[in-house]
Amino acid sequence: MGFHIIVCAKQILDPEGPASGYGVNSATGQIILPKGVPPVINPYDENALETALRLKDIMQVNITVISMGKNLSKAVIGKALAVGADNLIFLQDKAFENLDSRSTAYIISAGIKKLGNYDLVLAGRQAGDTDAAIVPHFIAGFLDIPCINLVKKVEIIERNIRVERSLPDGYEVLEVEMPSLLSITGGGDLRKADLQQITDAGKKPVTIWTAENLGIDASDLKQTVWQKIFVPVHEVECNFIKADSPKEAGAKLAIKLREDRII
Amino acid sequence: MGAFSGITVFDGAFEDILAPGTKELLACARKLADNLDEKVNCILFGEGLNESLKEAVAFGADNVLTADTPILGKYNPDAYSIALERLVRQTASRCLILGQTSIGADIAPRVAFKLGCDLITDCVEINFNKETESFIPVHPIYGGKIYAAFNFTNQQLVITLRQKSIDPLDRDDSRKGNIIPVKVDIEPALIKIKVVKKIKEEITGVRLENAPVVVTGGRGIGSKDDFKYLKELAEILSGAVGGSRPAADNGWVPATSKVGLTGKIVAPKMYIAIGVSGSSQHLAGCIGSKNIIAINNDPSANIFKVARYGVVGDWKEVLPSFTEKLRELLV
Ligand SMILES: Cc1cc2nc3c(=O)[nH]c(=O)nc-3n(C[C@H](O)[C@H](O)[C@H](O)COP(=O)(O)OP(=O)(O)OC[C@H]3O[C@@H](n4cnc5c(N)ncnc54)[C@H](O)[C@@H]3O)c2cc1C
């Protein structure tokens, strides 16, 4: 009998995209998102999935990836199946848009409860769009299971989970029993799928659960409400050092810093 | 606001030291409390606390609550969150502020969940509207490309504040405050997470977070070996070496030397970014620096938008002459 690991994966706009396309619509006060930036699996969720896959490499593990949102793309999240996840579940409903952390965690925990038995829940340390790092803790709260954040390494010894948690001056080793939730930082880049795996994954079904399937009343959900959003201004005038060669530019930079009493 | 009153800050004070971040929290809370004409409570956990309690008063607290219990001597997420939740309920604080640190970011969601109240993490500002008596925390989203301001009126709230977002108050030993020991009993059965051991990374030289000069290398450095040139420069300037996320992920610098949104927040006098593109997530960790200096071979790199001084060129050619000239100038 193996372990059942659930990995929470959010679909977001590629957070590595340039800042230039982001803005605020002055008439509506709403956010303007850049065009042409593709949706991806949140990078830290990819780390969580890779963590699960590395456990699966060495022991019997069944991986379910669960994703919540309004317009989820199988082309994006389906990558999880290609690299080795066994099941994919979309918690998808028009009511599941722009929700606050508590409602988001409530829905995901409802999905996990519906799945029933599980041994470990993994999530990325934070999503690269909301950057809040709240949902993992709140999912654990709703499931009433222990939660450890900032985990960079996971080991399973019988029903004990032993993890390394990053600290600003090193790391600490923690132990907890199954079932628990871990939010992952690092743990390796997600492996690549080959063509055959991608083709096979395309044939695997995705289970879709709506608010109704989950027994969730949309009027219990709360949206994120901003008073105001704005683009921060950090820009300064750059003194570009002009010189005939890069070598000369290096020396001139030092001289300029001395002249301006920076050093 | 009815039943709730006062601003409470929480932190650990290990080895009886009040961390710089705790002083920032106190300054932030003081400002908010003065606006409301209410008190600042400071909750400190640790073992054998004495000096740090007095310091908390000198840096702005009216009441310092301390639970000097062995079980709270070292950080344990379960013990800390249970104890903190109880104290926040006891004090009926309207706002609890923690640092966006490895402890604060871990405890804040646990406590907010238990209290059933709203939580805004990683804020760079907490404003207050006197007319409406509302809190307006500002939280960067999309890696810092957009800032979002929230508005909370008449409700209990938990906030975490990004490090170095506000200057501490000047120490004032004439400030009066109460030091209140409190008793917290935690049933051992409630502790599910066991802290086995802590491994501290050896650091030589200046600590990154306090260094007056930081020399940071990015993906453009290309290898661990080449970081020796950055170390050399840092040594001349009595600074520390940092890395962008790719540099840390590749093991070119220790994970603890990553600068940025998910790494360290630094604000040195001089931040020298070499082979760093200047992503919003990276800038989140260094934008408070006084002078950003960039060396990058791409003239359109974002880092030049925030740099006061810039050299466009291959760092392998620029850096040696820069270091050499500095050495000459600094003797
Ligand atoms: C949720 C989230 C959190 C993140 N947190 C952080 C964080 O804390 N810190 C962080 O740094 N990143 C973080 N990132 C990653 C971030 O988005 C960027 O990917 C990263 O900062 C890029 O690092 P870089 O500038 O070193 O690499 P790149 O963006 O690849 O830039 C390399 C630069 O080097 C230049 N270069 C190359 N060769 C040379 C040469 N020979 N001479 C001179 N210049 C050269 C190039 O022109 C380029 O500008 C985070 C991302 C997410 C999604």
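Residues numbered from 1 in each chain as written. Chains lettered and ligands numbered in written order. Predicted model: local features only at pLDDT ≥ 70, side-chain atom pairs only at ≥ 80, totals over all residues. Heavy atoms only, no water.

**Here's the deal with the overall build of chain B**
(1) Moving on: Along chain B, the regular secondary structure elements total nine helices and 17 strands.
(2) Moving on: A globule of 331 residues ought to have a C-alpha radius of gyration of about 20 Å, and chain B, at 22 Å, matches this closely.
(3) Moving on: Principal axes of the C-alpha set define a box for chain B whose edges measure 65 × 45 × 40 Å.
(4) Moving on: Expressed as a percentage of the 331 residues in chain B, the buried residues total 59%.
(5) Moving on: Of the contacts formed within chain B by residues at least 6 apart in sequence, a portion of 63% connects residues at least 24 apart.
(6) Moving on: Of the roughly 13400 Å² of accessible surface on chain B, 49% is carried by carbon and sulfur atoms. (Helix = DSSP H or I, 4+ residues; strand = E, 2+ residues; numbered from the N terminus. Rg over C-alpha atoms; globule rule 2.2 N^0.38 Å. Buried < 20%, exposed > 50% of the residue type's maximum accessible area, 1.4 Å probe, protein only. Contact = heavy atoms within 4.5 Å. Areas by Shrake-Rupley, 256 points an atom, 1.4 Å probe, with all protein chains shown as cover.)

**What about the nonpolar core?**
Across soluble globular proteins, nonpolar side chains show a tendency to be buried alongside one another.
(1) Moving on: Among the nonpolar cores identified, the biggest contains 58 residues, and Leu91 of chain A together with Phe45 and Leu84 of chain B are the most heavily contacted of them.
(2) Moving on: Those residues within four positions of Leu91 of chain A in sequence are excluded, and the remaining contacts are Ile66, Ser67, Met68, Gly69, Leu72, Phe96, Ile107, Ile108, Gly111, Trp209 and Leu214 of chain A. (Core = buried A, V, L, I, M, F, W, Y, C linked by side-chain atoms within 4.5 Å.)

**Brief notes about the sheet that holds strand E5 (residues 118-123) of chain B**
Residues and elements named next belong to chain B.
(1) Moving on: In space, the seven strands of this open sheet follow the order E5-E10-E4-E1-E2-E3-E11, with parallel pairing throughout. The two strands at the open ends of the sheet, each matched to only one other strand, are E5 and strand E11 (178-181). The average undirected angle you get between the axes of adjacent strands in this sheet is 20°.
(2) Moving on: The pairing of strand E2 (residues 40-45) with strand E3 (residues 63-67) spans five bridges and is classified as parallel. Residue pairing for E3: Leu44 is matched across the bridge by Thr66. (Pairing = 2+ DSSP bridges. Axes fitted to C-alpha atoms, helices over the stretch in contact; angles between N-to-C directions.)

**Some words on the interface of chain B and chain A**
How big an interface is tends to be stated in terms of accessible area lost as the parts join.
(1) Moving on: Each partner contributes to the interface: chain B provides 68 residues, whereas chain A provides 75 residues.
(2) Moving on: Taken over both partners, the interface formed by chain B and chain A buries close to 6500 Å², and the fraction arising from carbon and sulfur atoms is 62%.
(3) Moving on: Our count for the contact surface shared by chain B and chain A stands at four salt bridges.
(4) Moving on: The salt bridge involving Arg165 of chain A is made with Asp106 of chain B; its shortest N-O contact spans 3.6 Å. (Buried area = accessible area lost by both parts, 1.4 Å probe. Salt bridge = Lys/Arg side-chain N within 4 Å of Asp/Glu carboxyl O.)

**Observations concerning the confidence of the model for chain B**
(1) Moving on: Here chain B shows a mean pLDDT of 96. Residues at 70 or above account for 99%.
(2) Moving on: Across the interface, the model reports ipTM at 0.96; the global pTM reads 0.97. (pLDDT = per-residue confidence, 0-100.)

**Re the site of the ligand**
(1) Moving on: Taken together, 29 residues form the shell around the ligand, and within it Glu16 of chain A together with Arg219, Ser244, Thr262 and Ser277 of chain B come nearest.
(2) Moving on: Residues near the ligand are shared among chains A and B, making this a multi-chain site.
(3) Moving on: One of the side-chain nitrogen or oxygen atoms of Glu16 of chain A is found 2.4 Å away from an oxygen atom of the ligand.
(4) Moving on: Considered on its own, the ligand offers 980 Å² of accessible surface; in the complex 88% of this is hidden by protein.
(5) Moving on: For the shell around the ligand, the secondary-structure elements that each account for two or more residues are helix H6 (245-249) and helix H7 (280-283) of chain B.
(6) Moving on: Across the shell around the ligand, the residue classes break down as seven nonpolar, 15 polar and seven charged. (Near = heavy atom within 4 Å. Polar contact = N/O pair within 3.5 Å; in protein donor to acceptor, adjacent residues only side chain to side chain. Nonpolar A, V, L, I, M, F, W, Y, C, P; charged D, E, K, R; others polar.)

**Section: the packing of aromatic side chains**
(1) Moving on: In this structure the tally under the stated criterion is 14 aromatic pairs over all chains.
(2) Moving on: Consider the rings of Tyr22 of chain A and Tyr142 of chain B, whose centres lie 5.3 Å apart with planes at 50°: the pair is tilted. Residue Tyr22 of chain A is located in the loop between strand E2 (11-13) and strand E3 (23-24), and its partner Tyr142 of chain B is located in the loop between strand E7 (134-141) and strand E8 (146-149); the two belong to separate chains. The pair formed by Tyr22 of chain A and Tyr142 of chain B is uniform in burial state, with each residue classed as buried.
(3) Moving on: Plain terms: the ring middles of Phe227 of chain B and Trp252 of chain B are 6.3 Å apart, the flat faces sit at 45° to each other, and that makes the pair tilted. One end of the pair, Phe227 of chain B, is in helix H5 (residues 227-236); the other, Trp252 of chain B, is in the loop between H6 and strand E15 (270-274), with 25 residues separating them in the sequence.
(4) Moving on: Of the aromatic side chains, those joined through ring pairs into one cluster are Tyr106, Phe138 and Phe142 of chain A together with Phe113 of chain B.
(5) Moving on: Directly above the ring of Trp209 of chain A sits Lys114 of chain A, whose terminal nitrogen or CZ lies 5.1 Å from the centroid.
(6) Moving on: Here the basic side chain of Arg125 of chain A rests over the ring of Tyr44 of chain A, its NZ or CZ set 5.7 Å away from the ring centre. (Phe/Tyr/Trp six-rings, centres within 6.5 Å; stacked < 30°, edge-to-face > 60°. Lys NZ or Arg CZ within 6 Å of the ring centre and 35° of its normal.)

**A few points about the pairing of strand E10 (residues 160-167) of chain A**
All names here are of chain A.
(1) Moving on: Where burial is concerned, most of E10 is hidden: six out of the eight residues are buried.
(2) Moving on: Two elements, strand E9 (residues 147-157) and E10, share six bridges in a ladder whose sense is antiparallel. Paired with Lys153 across the two strands is Glu164, which belongs to E10.
(3) Moving on: Where E9 folds back on E10, the antiparallel hairpin that results is connected by two residues, among which Glu158 adopts a positive phi of roughly 55°.
(4) Moving on: Of the strand pairs in this sheet, E10 and strand E11 (residues 170-177) are connected by eight bridges, and their pairing is antiparallel. Directly across from Ser166, in E11, lies its bridge partner Tyr171.
(5) Moving on: Counting the residues in the hairpin turn of E10 and E11 gives two residues.

**A short note on the sheet that holds strand E15 (residues 239-240) of chain A**
(1) Moving on: An order of E15(A)-E17(B)-E16(B)-E15(B)-E13(B)-E14(B) is seen for the six strands of this open sheet, with the pairing classed as parallel. Of all the strands in the sheet, the pair left with one neighbour each is E15 of chain A together with strand E14 (240-243) of chain B.
(2) Moving on: As paired elements, E15 of chain A and strand E17 (residues 309-312) of chain B share two bridges and run parallel to each other. Across the sheet, Phe240 of chain A pairs through a bridge with Gly310 of chain B, a residue of E17 of chain B.
(3) Moving on: Set on the sheet, helix H9 (residues 315-330) of chain B makes contact with E15, strand E16 (291-296) and E17 of chain B; between it and E15 of chain B the angle comes to about 145°.

**A short note on the environment of Val64 of chain B**
(1) Moving on: If you trace the backbone, Val64 of chain B turns up in strand E3.
(2) Moving on: Considering only alpha carbons, one finds Val64 of chain B and Pro181 of chain B, 117 residues apart in sequence, at a separation of 8.2 Å.

**Focus on the domain arrangement of chain B**
Residues and elements named next belong to chain B.
(1) Moving on: Its domain assignment divides chain B into domain 1 (7-190) and domain 2 (208-330).
(2) Moving on: Summarising the inter-unit geometry, the C-alpha centres of domain 1 and domain 2 are found 32 Å apart.
(3) Moving on: Contacts between domain 1 and domain 2 engage eight residues on the former and eight residues on the latter.
(4) Moving on: For the domain 1 face of the interface with domain 2, the top three residues by lost area are Gly143, Arg162 and Lys164, together amounting to 71%.
(5) Moving on: Across the domain 1-domain 2 interface, the total number found is zero salt bridges.
(6) Moving on: Applying the counting criterion to the domain 1 and domain 2 interface returns five residue pairs in polar contact (both at pLDDT 80 or more). (Domains from an automatic or database assignment.)

**A look at the environment of Leu195 of chain A**
All names here are of chain A.
(1) Moving on: Here Leu195 shows up in helix H6 (residues 195-203).
(2) Moving on: The class for Leu195 is exposed, based on a relative accessible area of 70%.
(3) Moving on: Each C-alpha atom, one on Leu195 and one on Ala82, is 8.9 Å from the other, the two residues being 113 residues apart in sequence.

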